[in-house]
Structure formats: structure tokens, C-alpha cells
Amino acid sequence: PWSAERAMTIVADNRHLRGALLPILHALQEEFGYIDEEAIPLLAAELNLSRADVYGVVSFYHEFRREKPGRHIIKVCRAEACQSMGANALVDHIKKQLQVDFHGTTADGSFTLEQVFCLGNCALSPAVMIDEQLHGRVTPERFDALAAEART
Ligand code: FES
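Predicted model, so just to flag it, every value in this text is computed and none were measured.

A word on the domain arrangement of the chain. For the chain, the domain assignment lists domain 1 (4–60) and domain 2 (72–150). For domain 1 and domain 2, the distance between their C-alpha centroids amounts to 29 Å.

Structure representation (C-alpha cells):
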């Protein structure tokens with residue numbers, strides 16, 4: 001869970017870096033899985049920035065999550081090789097099955113859906129990553145099986 005104290009340690013460890021805001025935001029997301037609302041005023045005060053500046057950076061970069069993610073992260077590749085192997089249809093299927101859009105989390109908190117552009121698995125497209133596990137040649141049926149297995 002979010003901890004202001006832990007966040008302060010992360011700030012202290014990274015504030016010497018050039019353009020410290022971005023590395024700090026990455027480290028916070030790594031630690032907590034998202035950028036908590038409370039981090040905005042905290043970072044503004046610590047780095048001598050306005051809240052609007054911090055907020056602007058967080059919303060500019062789509063990789064920063066503003067809400068607590070689900071227990072599992074599903075990343076679907078939408079780059080060219082995967083697209084040519086049906087990634088768009090797979091994406092439609094996944095969104096419908098999970099009832100979420102990109103960046104969204106399922107109602108039961110199991111999954112957060114993200115899109116990525118190449119998972120380095122082009123030879124086995126379409127590719128999907130669930131947590132740290134990479135899957136190739138993912139058909140809609142295969143996706144359903146993988147999701148059922150991962151769902152907690
Ligand atoms: Fe999808 Fe490379 S394009 S893994």
C-alpha cells in the first residue's frame with residue numbers, strides 16, 4: 001500500500017538525479033504500482049515545483065498509472081507484427097471479455113489492461129504478457145484460458 005514515509009525515502013534516494021521528477025515517478029510506480037494522489041503535493045514540495053507541474057508530467061506519460069492496479073497486469077502488443085497476426089481482433093475480444101478499456105481494471109480487481117508496442121516476441125505474434133510471463137500466438141480462446149488460470 002501507499003506509504004508517504006516510503007515515498008520520502010524514494011525521493012531522498014533519487015533527488016540528486018538530473019530531472020529528478022521522472023526517475024522518482026518511475027521509482028514510485030515501481031514500488032506502489034501507481035502514483036498515489038498524495039504523491040503530487042509531496043513531490044511538488046520536495047522538488048520545488050508547482051502541483052500543476054507534477055500533475056502535468058504524470059498525466060503526460062501514459063505509463064504512469066493514477067489508480068491502484070489490479071492484481072495482475074495484462075499487456076497486449078499492438079505493434080505491426082502482432083497487428084498483422086490479428087492483434088486488433090484479439091484486443092476487441094479481451095476488452096469485451098474483461099469489460100475494460102486500456103488502463104482499466106476489472107470490477108473484481110483481478111486485471112489491469114495495458115497496451116504495449118512490441119514485446120520482442122514478433123516471431124510468435126500476437127503476443128500478450130501477463131505479469132512477467134510472455135505468451136505467443138495468443139488466440140481469443142487461448143487468452144480466455146490464460147486469464148482463467150491467472151485470475152485470483
Ligand atoms: Fe508484437 Fe513485436 S510486434 S511482439
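Structure shown, so let's carry the discussion forward.
Moving on: the nonpolar core. Generally speaking, soluble globular proteins have nonpolar side chains that are buried together. Counting 21 residues, the largest nonpolar core has L28 and L43 as the members making the most contacts within it. Per element, the largest residue contribution to this core is 6 residues, and it comes from helix α3 (residues 39–47). L43 has contacts with V11, L21, I24, L25, L28, N48 and V54, leaving out every residue within four places of it along the chain. If you look at the next biggest cluster of nonpolar residues, it comprises 17 residues, including I74, L90, V91 and L146.

Here the focus is the packing of helix α2 (residues 21–32) against α3. Working note: a packed helix pair is described by the angle between its axes plus the distance between those axes. Where α2 contacts α3, the axes come no closer than 12 Å and their chain directions differ by 145 degrees. Crossing hand, α2 versus α3: right-handed. Seen from α2, the contacting residues are L21, I24, L25 and L28; seen from α3, they are A39, L43 and L47. Each residue belonging to the contact of α2 with α3 can be placed in one class, and the counts come to 7 nonpolar, no polar and no charged.

Conventions adopted
- Residues numbered from 1 in each chain as written.
- Predicted model: local features only at pLDDT ≥ 70, side-chain atom pairs only at ≥ 80, totals over all residues.
- Heavy atoms only, no water.
- Domains from an automatic or database assignment.
- Core = buried A, V, L, I, M, F, W, Y, C linked by side-chain atoms within 4.5 Å.
- Buried < 20%, exposed > 50% of the residue type's maximum accessible area, 1.4 Å probe, protein only.
- Helix = DSSP H or I, 4+ residues; strand = E, 2+ residues; numbered from the N terminus.
- Contact = heavy atoms within 4.5 Å.
- Axes fitted to C-alpha atoms, helices over the stretch in contact; angles between N-to-C directions.
- Left-handed = near helix turned anticlockwise from the far one by under 90°.
- Nonpolar A, V, L, I, M, F, W, Y, C, P; charged D, E, K, R; others polar.

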